[in-house]
Amino acid sequence: MNLPTPYLSAIREDKKFKNILIVDDDSDVLSSLRDMLEIEGESFVVKTAENASNVKKIISHFSPNVAILDIKLGRTNGLDLIPVLKQKYPDIVCIMMTAHRDTEYAVTAVRFGADDYLFKPLDPHRTVKMLDRYLAKQHQARNNRETERRFRAVFDQTFQMLFLLDAHGYLQETNQTALAFVDLKKKQMDKKDIRLNLLFLEYQRYVSRAHTIFTSFFEISLGILFGVFTIILALVE
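The rules we used
- Residues numbered from 1 in each chain as written.
- Predicted model: local features only at pLDDT ≥ 70, side-chain atom pairs only at ≥ 80, totals over all residues.
- Heavy atoms only, no water.
- Salt bridge = Lys/Arg side-chain N within 4 Å of Asp/Glu carboxyl O.
- Helix = DSSP H or I, 4+ residues; strand = E, 2+ residues; numbered from the N terminus.
- Expected span 1.5 Å × (residues − 1).
- Buried < 20%, exposed > 50% of the residue type's maximum accessible area, 1.4 Å probe, protein only.
- Arc of directions from axis to C-beta.
- Axes fitted to C-alpha atoms, helices over the stretch in contact; angles between N-to-C directions.
- Parallel < 35°, antiparallel > 145°, perpendicular 65-115°, else oblique.
- Left-handed = near helix turned anticlockwise from the far one by under 90°.
- Contact = heavy atoms within 4.5 Å.
- Nonpolar A, V, L, I, M, F, W, Y, C, P; charged D, E, K, R; others polar.
- Pairing = 2+ DSSP bridges.
- pLDDT = per-residue confidence, 0-100.

Draft legend 1. Spotlight on the pattern of salt bridges. Taken as a whole and assessed by the stated rule, the structure comprises eight salt bridges. For the salt bridge of D24 with K120, the shortest nitrogen-to-oxygen distance reads 2.8 Å. Placement of the pair is D24 in the loop between β1 (19-23) and α2 (27-40) and K120 in the loop between β7 (116-119) and α6 (124-157), with a sequence separation of 96 residues. Two residues, E146 and R150, come together in a salt bridge whose shortest N-O distance is 2.8 Å.

As structure tokens, then:
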């Protein structure tokens, strides 16, 4: 069956953001976890590593969205990989694995920057459900950033003067066109500065004056035309 292009695009987008990295010093655990995720979770792209050195090699060409890390990696600690991963991929979700069901391990993991933790042996349903939840959050965050980027592009590049006000009527931000109108640089903006509120009031006065001038000009022009029309009628008669 041939799927329509929008559906194919959605599938490609899904797969693009489901990269999973699993780190454990036990090769049997890595194999079983990879098989589990590939069976239980659709579209997961899974890479595995047995130590920190392998992790650094993998992330040089693979962009994981989620990393599942064993706390104990031989003589090293899986917690030490969290800053390495987050430095290269700030949005990555780090989930720690531990066979110890002591809450102290979980608290330590969170303190080191882990987003969540799982107890061994991993439950397939719970693991996939957790991954899907974090991947959905990442997807929403990307959409929000893209929406913000598009809004900012329109806001900054439009030739109309735009003002963003808070609930009290104070100006929070304005675009380049409005700044140019009052000869004010963006770095001079201060959300706590009353001058920004006065800037908006000045803009309102400007619009009001322009409206008054336009109305007066229209009335004068109409009066002149009426007078000329009256003279022409008098001459004809």
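Draft legend 2. Broad picture of α2. For α2, spanning 14 residues, the distance from its first C-alpha to its last is 20 Å, which sits close to the expected 20 Å at 1.5 Å a residue. Those residues of α2 that fall on the buried side of the exposure criterion are L30, L33, M36 and L37. One side of α2 holds all its buried residues, which, seen down the axis, span an arc of 135°. Those residues of α2 that are exposed and angled more than 90 degrees off the buried face are D28 and I39.

Draft legend 3. Representation of α6. Relative to the 50 Å expected for 34 residues at 1.5 Å per residue, α6 spans 49 Å between its end C-alpha atoms, a close match to the ideal helical length. The set of residues buried in α6 consists of T127, V128, M130, L131, Y134, L135, Q138, R142 and F155.

Draft legend 4. The packing of α2 against α6, seen in detail. α6 packs onto α2 with a crossing angle of 70° between their chain directions and a minimal axis gap of 10 Å. The angle between the axes of α2 and α6 places the two elements in the roughly perpendicular class. For the pair α2 and α6, the sense of crossing is right-handed. Two secondary-structure elements touch here, α2 through M36, L37 and E40 and α6 through P124, T127, V128 and L131. Residues that form the contact of α2 with α6 fall into these classes: five nonpolar, one polar and one charged.

Draft legend 5. Structural view of the sheet that holds strand β3 (residues 66-70). Here five strands make up an open sheet; going across it, the order is β2-β1-β3-β6-β7 and the pairing parallel. At either end of the open sheet lies a strand with only one pairing partner, and these are β2 (45-49) and β7. Each adjacent strand pair in this sheet contributes to an overall mean axis angle of 20°, direction not counted. Direction of pairing for β1 relative to β2: parallel, over a ladder of five bridges. Counted as the bridge partner of L21 is K47 from β2.

Draft legend 6. Examining the pairing of β1 more closely. Taking burial as the measure, the five residues of β1 include five buried ones, the bulk of the element. Side-chain alternation along β1 places N19, L21 and V23 on one buried face and I20 and I22 on a second face that is also buried. The sheet contact formed by β1 and β3 spans four bridges and is parallel. Each residue of the ladder has a partner; that of V23, found in β3, is L69.

Draft legend 7. Examining the confidence of the model for the protein more closely. Across the protein, the average pLDDT comes to 78, with 74% of residues at or above 70. Segment residues 1-15: pLDDT under 50, and four contacts once partners within four positions in sequence are set aside and those in other chains are kept.

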